[in-house]
Amino acid sequence: MRFVTYAAAAGDDRVGVVDGTDVHGYEPGVTLLDLLDADGLREAGERAAASPSETVPLAGLTLRAPLQPRSIRDCTGFLQHLRNCQGAADIPVDERNNQFPAFYQGNVNAVVGPHDDVPISPGCERFDYELEVCAVIGKPAANVALDRAEEHIAGYMLFCDWSARDLQMNEMALRLGPAKGKDGTNTLGPMLVTPDEIAPYRSRNAFDLGMTGYVNGELVSEGRWDSIDWGFPDMITYTSRGTHLRPGDVIGSGTVPSGCLFEHFAMDPDHFRGWLQPGDEVRLVVEQLGEIRHRVVAGAKAEPLSSGY
């Protein structure tokens with residue numbers, strides 16, 4: 001099944017299940033988090049299809065982020081991406097990346113829908129996208145065994161953590177993570193796709209599905225999901241160690257190789273196309289999960305701190 005959250009004609013946001021070219025909407029006030037908490041996406045989807053609150057065409061709907069996540073953990077699933085970036089980042093790929101899927105905590109207050117404008121982070125001159133997928137936790141998880149980890153996945157979505165590369169590189173030298181470099185905007189969408197929908201594409205520890213990224217219509221990023229090193233079972237097993245994952249928590253895959261501008265800058269600076277600018281159009285596509293489309297806009301002015309930074 002495929003679930004969306006959309007702006008209804010009545011003025012509220014509603015959850016719906018996609019049925020071909022139509023969306024069967026739930027009653028007002030129900031969120032996708034509510035359905036996840038009830039631990040019955042399939043049953044809820046079947047109820048909505050059989051007796052919807054409304055049925056509307058998918059085409060032309062204003063789609064929101066499918067859910068407002070309770071947490072975001074973005075992992076380093078694609079190790080070749082790290083290798084491709086290491087020179088420009090001046091951060092050699094640590095051998096420990098082969099031992100566990102490292103991650104950072106994202107900003108749940110910065111989630112936007114699949115077609116919203118994306119502002120450039122204040123003070124940033126090297127703005128970038130990241131082409132990723134994510135898994136959404138569907139039932140509570142703690143200290144999960146690897147062979148049981150997929151049981152906790154409610155579905156998958158396209159994910160983009162927009163990045164201020166100059167801020168990120170300056171901050172990460174302090175060894176506390178990207179901070180304001182990745183604090184501005186996170187895209188989730190356009191829909192939550194349940195695991196059964198993509199099961200026929202299973203390959204290695206992921207799925208044989210293409211991932212592409214375009215800037216102003218130009219193909220910039222092209223990779224495949226099944227090139228990932230750490231699959232989502234690995235990530236869930238690691239991130240659930242000694243803690244609790246809740247329904248609605250999001251686990252990001254990390255960037256697919258070639259899936260951001262920084263990687264192209266690192267590998268071929270002489271032919272680099274340049275960073276994102278106001279007015280640029282970014283389209284990211286993952287087969288079977290859909291696409292997101294954004295216009296980059298100017299962001300807020302960076303006010304100086306007391307130190308003058």
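Residues numbered from 1 in each chain as written. Predicted model: local features only at pLDDT ≥ 70, side-chain atom pairs only at ≥ 80, totals over all residues. Heavy atoms only, no water.

Trainee: Can you break down the overall build of the protein chain residue by residue, with the values?
Mentor: When you go through the protein chain residue by residue, the secondary structure sums to seven helices and 20 strands. The globule rule puts the C-alpha radius of gyration for 309 residues at 19 Å, and the 19 Å found for the protein chain is close to it. Expressed along its principal axes, the backbone C-alpha trace of the protein chain runs to roughly 55 × 45 × 40 Å. Here the protein chain holds 309 residues, and the buried ones make up 52% of them. Considering only intrachain contacts with a sequence separation of at least 6, the fraction spanning at least 24 residues in the protein chain is 74%. When the accessible surface of the protein chain is split by element, carbon and sulfur atoms take 49% of a total near 13900 Å². (Helix = DSSP H or I, 4+ residues; strand = E, 2+ residues; numbered from the N terminus. Rg over C-alpha atoms; globule rule 2.2 N^0.38 Å. Buried < 20%, exposed > 50% of the residue type's maximum accessible area, 1.4 Å probe, protein only. Contact = heavy atoms within 4.5 Å. Areas by Shrake-Rupley, 256 points an atom, 1.4 Å probe, with all protein chains shown as cover.)

Trainee: An account of the layout of surface pockets is needed here, citing residue identities and associated values.
Mentor: By volume, the second largest pocket amounts to about 390 Å³. Around the second largest pocket, the lining comprises 19 residues; the ones closest to its centre are Pro122, Gly123, Leu167, Lys180 and Ala302. Ranked by the residues each element gives to the lining of the second largest pocket, the list is headed by helix α4 (residues 165-172), at three residues. For the lining of the second largest pocket, the residue count by class is nine nonpolar, six polar and four charged. (1 Å grid on protein atoms, 1.4 Å probe; cavity = no way out; pocket = protein on both sides within 12 Å on 5 of 7 lines; lining within 4 Å. Points joined across faces, edges and corners; volume = space filled by probe spheres on them. Nonpolar A, V, L, I, M, F, W, Y, C, P; charged D, E, K, R; others polar.)

Trainee: Give a description of empty space enclosed by the protein that names residues and reports values.
Mentor: Inspection of every chain in the model, using the stated rule, returns one cavity of 30 Å³ or more. Taken as a whole, the largest cavity encloses approximately 40 Å³ of empty space. Lining the largest cavity are Glu150, Tyr156, Asn205, Ala206, Phe207, Trp225, Gly231, Phe232 and Pro233. Those elements that provide at least two residues to the lining of the largest cavity are β15 (206-207) and α6 (232-239). By residue class, the composition of the lining of the largest cavity is six nonpolar, two polar and one charged.

Trainee: So what's going on with the state of the cysteines? Residues and values would help.
Mentor: All told, the structure shown has zero disulfides when counted by the stated rule. A disulfide-free cysteine, Cys85 has its sulfur positioned 4.8 Å from the sulfur of Cys260, the nearest such atom. Cys160 supplies the cysteine sulfur nearest to Cys134, a cysteine that is in no disulfide, at a spacing of 11 Å. By relative accessible area, which is 0% here, Cys134 ends up buried. (Disulfide = S-S within 2.5 Å.)

Trainee: Before we move on, could you go through the sheet that holds strand β17 (residues 218-224) and cite the residues and values that matter?
Mentor: Reading across the sheet, the five strands line up as β8-β20-β19-β16-β17 and stay open at both edges, with mixed pairing between neighbours. On the outer flanks of this sheet lie β8 (118-119) and β17, each paired with one strand and no other. Inspection of the sheet shows strand β19 (residues 281-286) paired to strand β20 (residues 290-297) by six bridges, in the antiparallel sense. Across the sheet, residue Glu281 finds its bridge partner in β20, namely Arg295. (Pairing = 2+ DSSP bridges.)

Trainee: So what about the nonpolar core? Which residues, and what values?
Mentor: If you look at the biggest cluster of nonpolar residues, it comprises 59 residues, and the most contacted ones within it are Tyr129, Tyr156, Trp225, Phe232 and Leu276. Per element, the largest residue contribution to this core is four residues, and it comes from strand β11 (residues 153-161). Not counting residues up to four positions away in its chain, the partners in contact with Leu276 are Ile120, Phe127, Asp128, Tyr129, Trp162, Val215, Leu261, Val282 and Val296. Counting 25 residues, the second-largest nonpolar core is a separate cluster that includes Val17, Leu36, Phe159 and Leu188. (Core = buried A, V, L, I, M, F, W, Y, C linked by side-chain atoms within 4.5 Å.)

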